[in-house]
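# Analysis of the macromolecular model
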Amino acid sequence: MQLGYKDEAIAREIGVSSRTMRRIVRELFEQLDATGRFSAGMAAQARGWLVPPRSREGCS
């Protein structure tokens, strides 16, 4: 989510169904008291849950 991927892409990446991913996101929003992805990201950052994305070595 931090990188802007949609639920379906994340679900494929972690090997769960898109329905399961939507449930995970909904539960995460509840934990963070967030109403959308932006507010969830801000709340997660404030809690120290996010790490900086890995740099893309070799990309110029």
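Residues numbered from 1 in each chain as written. Predicted model: local features only at pLDDT ≥ 70, side-chain atom pairs only at ≥ 80, totals over all residues. Heavy atoms only, no water.

## A few points about the nonpolar core
Note the cut-off: The term nonpolar core refers to a set of buried residues drawn from Ala, Val, Leu, Ile, Met, Phe, Trp, Tyr and Cys, joined through side-chain atoms within 4.5 Å. Relative accessibility decides the category of a residue: with a 1.4 Å probe and only protein chains considered, values under 20% of the type maximum give buried, values over 50% give exposed, and everything between is partly exposed. Counting from the N terminus, the helices are DSSP H or I runs at least four residues long and the strands are E runs at least two residues long. Throughout, a residue-residue contact means that at least one pair of heavy atoms, one from each residue, lies within 4.5 Å.
Membership of the largest hydrophobic core is limited to 10 residues, which are I10, A11, M21, V25, F29, L32, A34, A40, A43 and A44. Broken down by secondary-structure element, the contributors of at least two residues to this core are α1 (7–14), α2 (18–32) and α3 (37–46). It is α2 that contributes the most residues to this core, four residues altogether. Those residues in contact with A40 that lie beyond four places of it in its chain are F29, L32 and A34.

## Overview of unusual backbone geometry
A positive phi angle, near 55°, is found at D33, a position not held by glycine. Mapped onto the secondary structure, D33 falls in the loop between α2 and α3. Taking the relative accessible area as the measure of exposure, D33 reaches 72% and is therefore exposed.

## Observations regarding the layout of surface pockets
Keep this limit in mind: Points on a 1 Å grid over protein atoms alone make up a cavity when a 1.4 Å probe fits among them but cannot get out, and a pocket when they form an open set with protein on both sides within 12 Å along at least five of seven lines; lining residues each have an atom within 4 Å of a point. Grid points are joined across faces, edges and corners, and a volume is the space filled by probe spheres set on the points. By the convention adopted, Pro, Cys, Tyr, Trp, Phe, Met, Ile, Leu, Val and Ala count as nonpolar, Lys, Arg, Asp and Glu as charged, and the other residues, Gly among them, as polar.
For the largest pocket, the calculated volume is near 370 Å³. If you trace the largest pocket, you find it lined by M1, Q2, L3, Y5, A9, I10, E13, I14, M21, I24, V25 and L28. Mapped by element, the contributors of at least two residues to the lining of the largest pocket are α1 and α2. Class assignment of the residues belonging to the lining of the largest pocket gives a composition of 10 nonpolar, one polar and one charged. Volume-wise, the second largest pocket comes out at about 190 Å³. Every residue along the wall of the second largest pocket is listed here: M1, Q2, L28, L32, R37, A40, G41, A44, Q45, W49 and L50.

## As for α2
Because each turn of an α-helix spans 3.6 residues, side chains separated by three or four positions end up pointing in the same direction. What counts is decided by this rule: Expected helix span is given by 1.5 Å per residue-to-residue step, counting one fewer step than there are residues. For this quantity, the arc is that covered by the directions from the helix axis to the C-beta atoms.
Helix length check: α2 (15 residues) gives 21 Å between terminal C-alpha atoms against 21 Å at 1.5 Å per residue, within 8%. Where α2 is concerned, the buried positions are M21, V25, F29 and L32. In an axial view of α2, the angular spread of the buried residues amounts to 80°, which keeps them on one side of the axis. For α2, the exposed residues lying more than 90 degrees away from the buried face are R19, E30 and Q31. Of the surrounding secondary structure, the elements contacted by the buried residues of α2 are α1 and α3. Positive phi shows up at D33, right after α2, with a value of about 55°.

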